[in-house]
Amino acid sequence: MPKQKIRIKIKGFDHKLVDQAAEQIVDTVERTGAVISGPVPLPTHIQKFSVIRSPFKDKDSQEQFEIRTHKRLIDIIETSSKTIDALTGLNLPSGVEIDIKL
């Protein structure tokens, strides 16, 4: 079987949960003996919203909100069947989105 590369992208709003998920993935993959690169922190995507506080009296007054999306990238270079089985059986925290590409 040729060696295949697995790329894992982790996204989440809470950076602590994203780091915890990345650490769990790295620990389980290293236990199977695969070579790993990462986690690499990608740029944080920030969405900003301005909302008028009151529609009538205080139209010039606005509140500002933002949503920060933190991202990490992990590359698994040398994989085996044990690595793929360990990744499918992994229990990760909620609030974290994981995208796995083979």
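About the thresholds
Residues numbered from 1 in each chain as written. Predicted model: local features only at pLDDT ≥ 70, side-chain atom pairs only at ≥ 80, totals over all residues. Heavy atoms only, no water. Patch = residues over 30% accessible without salt bridge, like charges linked within 9 Å, V, L, I, M, F, W, Y side chains within 5 Å. Areas by Shrake-Rupley, 256 points an atom, 1.4 Å probe, with all protein chains shown as cover. Salt bridge = Lys/Arg side-chain N within 4 Å of Asp/Glu carboxyl O. Helix = DSSP H or I, 4+ residues; strand = E, 2+ residues; numbered from the N terminus. Buried < 20%, exposed > 50% of the residue type's maximum accessible area, 1.4 Å probe, protein only. Expected span 1.5 Å × (residues − 1). Contact = heavy atoms within 4.5 Å.

**Looking at a nonpolar patch on the surface**
A contiguous nonpolar patch, built from Phe13, Phe49, Val51, Phe65 and Ile67 and spanning about 470 Å² of accessible area, is present on the exposed surface. At the level of elements, strand 2 (35-52) and strand 3 (62-78) are the ones that each hand at least two residues to the nonpolar patch. Residue classification places Ile67 among the partly exposed positions, given a relative accessible area of 34%.

**Points about helix 1 (residues 15-31)**
The end-to-end C-alpha distance of helix 1 is 24 Å, a good match for the 24 Å that 17 residues give at a rise of 1.5 Å each. By the burial criterion, the buried members of helix 1 are Val18, Ala21, Ala22, Ile25, Val26, Thr28 and Val29. In the core, the buried residues of helix 1 are packed alongside strand 1 (6-12), strand 2, strand 3, helix 2 (81-88) and strand 4 (96-101). Once helix 1 ends, the next one or two residues include Gly33, with phi positive near 90°.

**Some points on the environment of Leu92**
The residue Leu92 is located in the loop between helix 2 and strand 4 in this model. In this structure Leu92 comes out as partly exposed when scored by relative accessible area, which is 23%. For the pair formed by Leu92 and Asp14, sequence separation is 78 residues and the distance between their alpha carbons is 14 Å. Those residues in contact with Leu92 that sit more than four places away from it in its chain are Ala21, Gln24, Ile25 and Ile98.

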